[in-house]
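Chains, contacts and geometry: an overview
Spelled out from the first residue to the last, the chains are:
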Amino acid sequence: MDYLERYEFWRAHAPLTAAERGELDRMASDDDALKGAFGAELAFGTAGIRGIMGLGTNRLNDYTVRRTAQGLAAWLTSTELPQKCAIGYDSRHNSRRYAEICATALAEKGVHVYVYHELAPTPMLSFAVRRLGCGCGIVVSASHNAGAYNGIKCYGPDGCQMTDEPAAIVYQRIEEIPYFVPAAQSFDFSMAKRDVEFIAPELWEEYYQTVLAERVTDVPSDNLNLLYTPLCGTGNKPVRTVLGRIGVHVDVVKAQEQPDGDFKTCEYPNPETDAALNESYKIARCTHPDLILGTDPDCDRVAVAVPAGDGFRKLSGNELGCLLLDYILGELSAKGRLPADPVAVRSIVSSPMADKVAAKYGVKMRSVLTGFKYIGGEILALEQKGEENRFVFGFEESCGYLKGTYARDKDAVVASMLTADLAAKLKREGMNLADQIDALYAELGYHDAKVISIELKGPNAMELSAKFMKDFRAEIPTELGGVRVTSCTDYLSRVRTELATGATEPVLLPKSNVVALELGESGSVIVRPSGTEPKVKLYLTAVDRDPKRAAALLERLAEDMKRLAGC
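Now for a quick tour of the structure. (Residues numbered from 1 in each chain as written. Predicted model: local features only at pLDDT ≥ 70, side-chain atom pairs only at ≥ 80, totals over all residues. Heavy atoms only, no water.)

The subject of this paragraph is the packing of helix α4 (residues 62-76) against helix α5 (residues 95-107). α5 packs onto α4 with a crossing angle of 40° between their chain directions and a minimal axis gap of 8 Å. The hand of the α4/α5 crossing is right-handed. Where α4 approaches α5, its residues Asp 62, Val 65, Arg 66, Ala 69, Gln 70 and Ala 73 are matched on the opposing element by Arg 97, Tyr 98, Ile 101, Cys 102, Ala 105 and Leu 106. (Axes fitted to C-alpha atoms, helices over the stretch in contact; angles between N-to-C directions. Helix = DSSP H or I, 4+ residues; strand = E, 2+ residues; numbered from the N terminus. Left-handed = near helix turned anticlockwise from the far one by under 90°. Contact = heavy atoms within 4.5 Å.)

Right, dumping it as structure tokens:
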């Protein structure tokens with residue numbers, strides 16, 4: 001079907017309310033709206049589905065959500081996995097409703113469903129999947145996207161986001177299911193039959209105790225004054241609970257304390273951006289905290305800023321990741337608690353400075369593809385050998401961190417606790433996080449990094465993304481920013497090529513649509529399309545002993561890559 005045929009099919013067959021029918025009628029004279037809503041179908045990938053909420057095949061709504069859950073149920077019931085599913089949801093509009101729709105769709109196929117009784121962070125869902133022995137899990141969230149978005153993230157039995165093979169089967173099952181199969185039973189009826197039940201409050205406390213066990217110090221952090229924003233999301237209760245238990249004095253950004261699907265005070269609640277902390281900065285100018293900390297709406301990412309002169313210095317995800325890695329390894333080493341043959345993991349787009357930090361303590365850093373499921377996969381491989389205790393830390397540059405093996409997704413709760421402990425330790429020494437990262441730069445070399453997102457517009461935006469990657473592969477630059485490109489690693493063909501000699505070697509990681517260019521010891525450029533949005537992302541790193549030279553090289557790299565991208 002083309003977009004007009006899909007539109008007419010919905011008008012003829014969808015069991016619409018009067019308001020929904022009016023919404024469809026208003027699209028009839030707006031071709032762009034029709035293409036946006038019906039120009040494609042939301043594709044189910046390893047991150048599930050994500051999109052703007054509204055009517056249409058390319059939108060998240062009751063019908064696309066139910067169909068997705070039905071596909072997940074069809075997959076699960078065809079396996080020998082436990083016929084149980086845990087479901088969590090965030091503060092976005094319709095999240096609770098979509099969670100109930102998913103629960104009902106699974107329950108009517110014989111799957112026993114556990115649902116959090118209130119909004120909960122994504123890592124708590126990962127924890128619940130493992131703790132309750134589920135065959136799969138669902139989080140209703142669009143992470144840090146704007147308020148118009150929502151999504152369905154699906155998890156496997158290990159608590160990781162679903163991997164490629166089962167995701168492909170789920171997608172196939174979804175495509176076999178008609179859009180408008182009515183529910184066989186209501187959510188309330190499913191609850192009454194005990195096909196669906198709320199997750200017991202005891203699991204919250206078990207999660208808190210598990211997170212607290214990941215501390216690397218016994219010293220209370222009661223000298224630290226922290227300003228916290230949950231960015232109108234799920235972090236308010238768990239983050240403040242854990243920080244309170246280690247003694248931190250927490251003030252909260254009142255305008256962003258309560259759940260708000262509109263994110264009125266922060267249109268784009270992504271802690272990777274400095275703008276996400278603007279409300280915090282306003283308050284901090286009056287209250288003068290030691291540390292500003294913010295978590296995204298589903299509380300799996302965390303960002304921090306510290307006072308600096310008349311303003312504030314926000315640390316990047318790479319910087320906080322390197323600081324936490326150095327702190328954890330340093331404390332464990334000093335206490336004789338570093339396991340034999342320890343394992344740290346980072347994504348390939350995260351700072352290579354982390355490799356140098358790990359090497360200080362005799363720890364080898366493993367690099368994996370982008371997506372925290374790959375870090376979770378490394379933990380699973382260790383667990384299958386009975387060696388999960390070797391895992392010490394994993395992180396992604398996009399503000400995602402995990403210490404411990406209790407969850408298999410990034411966890412802003414444990415990262416907030418570790419960050420607060422580190423900040424309290426540094427405060428006792430007359431320093432802060434900015435001082436410490438500068439000390440690491442002085443020791444290991446300045447690693448300046450930048451992520452550039454090239455947004456692609458229109459209903460064929462994903463096709464434009466694919467074309468960009470194809471064109472870039474066809475003409476690999478030999479020089480960027482005035483520095484010679486020494487090697488090219490194509491993770492799709494799984495080959496690394498030395499440009500000077502043409503020598504090649506295989507890449508052992510799974511296939512992925514990523515190209516990485518190395519600039520000798522001077523840095524790197526990595527290009528990949530976003531897995532959830534119509535964007536191409538450029539990860540630039542410049543390395544130099546002199547921070548000014550590193551910054552200058554980074555700007556030249558940005559200029560060259562923007563020119564190649566035609567923007």
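The antiparallel open sheet is built from 7 strands, whose spatial order is β16-β24-β23-β22-β19-β20-β21. With partners counted over all chains shown, the strands left at the sheet margins are β16 (446-455) and β21 (504-506), one partner each. Averaged over all pairs of adjacent strands, the angle between their axes in this sheet comes to 15°, without regard to strand direction. The pairing of strand β19 (residues 487-490) with strand β20 (residues 495-498) spans 4 bridges and is antiparallel. For Thr 489, the partnering residue across the bridge sits in β20 and is Arg 496. Here helix α18 (residues 547-565) sits on the sheet and contacts β16, β23 (523-529) and β24 (535-544); the angle it forms with β24, its principal contact strand, is near 155°. (Pairing = 2+ DSSP bridges.)

What follows is about the environment of Leu 554. Examined against the element boundaries, Leu 554 turns out to sit in helix α18. The spatial distance from the C-alpha of Leu 554 to the C-alpha of Ser 524 is 9.8 Å, given a sequence separation of 30 residues.

Attention now moves to the packing of aromatic side chains. Under the definition given, this model contains 19 aromatic pairs. Between the aromatic rings of Trp 10 and Phe 180, the centroid separation amounts to 5.1 Å while the plane-to-plane angle is 80°, which identifies the pairing as edge-to-face. Highlighted residues: Trp 10 in helix α1 (residues 3-13) and Phe 180 in the loop between α7 (164-175) and α8 (187-192), separated in sequence by 170 residues. Note on accessibility: Trp 10 and Phe 180 belong to one class, buried. One aromatic cluster in this structure is built from Tyr 7, Phe 9, Trp 10, Phe 38, Tyr 63, Tyr 179 and Phe 180. The ring of Tyr 179 has Arg 67 sitting right over it, with the charged end atom 4.1 Å from the ring centre. Above the face of the Trp 204 ring, Lys 237 is positioned so that its terminal group lies 4.3 Å from the ring centre. (Phe/Tyr/Trp six-rings, centres within 6.5 Å; stacked < 30°, edge-to-face > 60°. Buried < 20%, exposed > 50% of the residue type's maximum accessible area, 1.4 Å probe, protein only. Lys NZ or Arg CZ within 6 Å of the ring centre and 35° of its normal.)

Taken as a whole and assessed by the stated rule, the structure comprises 48 salt bridges. One salt bridge connects Asp 421 with Arg 215, and the closest N-O pair in it is separated by 2.8 Å. Here Arg 215 lies in the loop between α9 (201-212) and β7 (225-229) and Asp 421 lies in helix α15 (residues 412-428), a separation of 206 residues in the sequence. Overall, Asp 421 belongs to the buried group, its relative accessible area being 2%. Taking relative accessible area as the criterion, Arg 215 reaches 14% and is therefore assigned buried. Its salt-bridge partner being Lys 410, residue Asp 300 comes within 3.7 Å of it at the nearest N-O pair. Residue Asp 300 is found in the loop between β9 (291-295) and β10 (302-308), and its partner Lys 410 is found in the loop between β15 (400-402) and α15; the two are separated by 110 residues along the sequence. On the accessibility criterion, Lys 410 (6% relative accessible area) is buried. Through salt bridges that share partners, Lys 153, Asp 298, Asp 300, Asp 409 and Lys 410 make up one connected network. (Salt bridge = Lys/Arg side-chain N within 4 Å of Asp/Glu carboxyl O.)

What follows is about α4. Along its 15 residues, α4 runs 21 Å from first to last C-alpha, staying within 8% of the 21 Å computed at 1.5 Å per residue. Within α4, 14 of the 15 residues are buried, which leaves the element mostly enclosed by the surrounding structure. (Expected span 1.5 Å × (residues − 1).)

It is worth spelling out the side chain of Arg 346 at this point. Relative to the helices and strands, Arg 346 resides in strand β12 (residues 343-347). Here the side chain of Arg 346 touches Ser 350 through a polar contact of 2.8 Å, landing on its backbone oxygen. When neighbours within four sequence positions are excluded, Arg 346 is seen to be in contact with Ser 351, Pro 352, Ala 354, Asp 355, Met 365, Arg 366, Ser 367, Val 368 and Phe 395. (Polar contact = N/O pair within 3.5 Å; in protein donor to acceptor, adjacent residues only side chain to side chain.)

What follows concerns empty space enclosed by the protein. Tallied over the entire structure, the rule returns 1 cavity of 30 Å³ or more. Its boundaries defined by the atoms lining it, the largest cavity holds a volume of some 110 Å³. If you trace the largest cavity, you find 13 residues lining it, with Leu 42, Arg 67, Thr 68, Ile 174 and Tyr 179 closest to the centre. Those elements giving two or more residues to the lining of the largest cavity turn out to be α4 and α7. Residue composition of the lining of the largest cavity, grouped by class: 7 nonpolar, 3 polar and 3 charged. (1 Å grid on protein atoms, 1.4 Å probe; cavity = no way out; pocket = protein on both sides within 12 Å on 5 of 7 lines; lining within 4 Å. Points joined across faces, edges and corners; volume = space filled by probe spheres on them. Nonpolar A, V, L, I, M, F, W, Y, C, P; charged D, E, K, R; others polar.)

On to the sheet that holds β15, then. Backbone-to-backbone hydrogen bonds pair the strands of a sheet. The strands run either parallel or antiparallel. Taken in spatial order, the 4 strands of this open sheet run β13-β12-β14-β15, and their pairing is mixed. Of all the strands in the sheet, the pair left with one neighbour each is β13 (364-368) and β15. Going from strand to strand, the sheet's axes swing by 15° on average, the running direction of each strand aside. In terms of strand pairing, β12 meets β13 through 5 bridges, oriented parallel. The residue of β13 that forms the bridge with Ala 344 is Met 365.

Connecting β19 to the antiparallel partner β20 that follows it, the hairpin turn spans 4 residues, and Arg 494 within it adopts a positive phi of roughly 60°. With 3 bridges joining them, β20 and β21 adopt antiparallel strand pairing. For Val 495, the partnering residue across the bridge sits in β21 and is Pro 506. Counted between consecutive antiparallel strands, the loop separating β20 from β21 contains 5 residues, among which Gly 502 sits at a positive phi close to 80°.

Of the pockets and cavities examined, the second largest pocket occupies roughly 810 Å³. Around the second largest pocket, the lining is made up of 29 residues, and of these Arg 346, Asp 355, Ser 367, Tyr 491 and Glu 518 lie nearest the centre. The set of elements that each furnish at least two residues to the lining of the second largest pocket consists of α13 (353-360), β21, β22 (515-518), β23 and β24. Considered class by class, the residues forming the lining of the second largest pocket number 13 nonpolar, 9 polar and 7 charged.

Another aspect to go through is α15. Between its first and last C-alpha, α15 extends 24 Å over 17 residues, near the 24 Å set by a 1.5 Å rise per residue. Most of α15 sits out of view: 14 of its 17 residues are buried. Sitting at the head of α15, Asp 411 places a side-chain oxygen 2.8 Å from the backbone nitrogen of Val 413. Looking one or two residues past α15, Gly 430 carries a phi angle of roughly 80°, positive in sign.

What follows deals with unusual backbone geometry. Backbone geometry places Ser 143, a non-glycine residue, at a positive phi of 55°. Of note, Ser 143 is situated in the loop between β4 (136-140) and β5 (149-155). Classification of Ser 143 as buried rests on a relative accessible area of 2%. For Arg 194, which is not glycine, the phi dihedral falls at a positive 70°. Structurally, Arg 194 can be placed in the loop between α8 and β6 (196-198).

Limitation: the analysis is restricted to geometry and does not speak to function.
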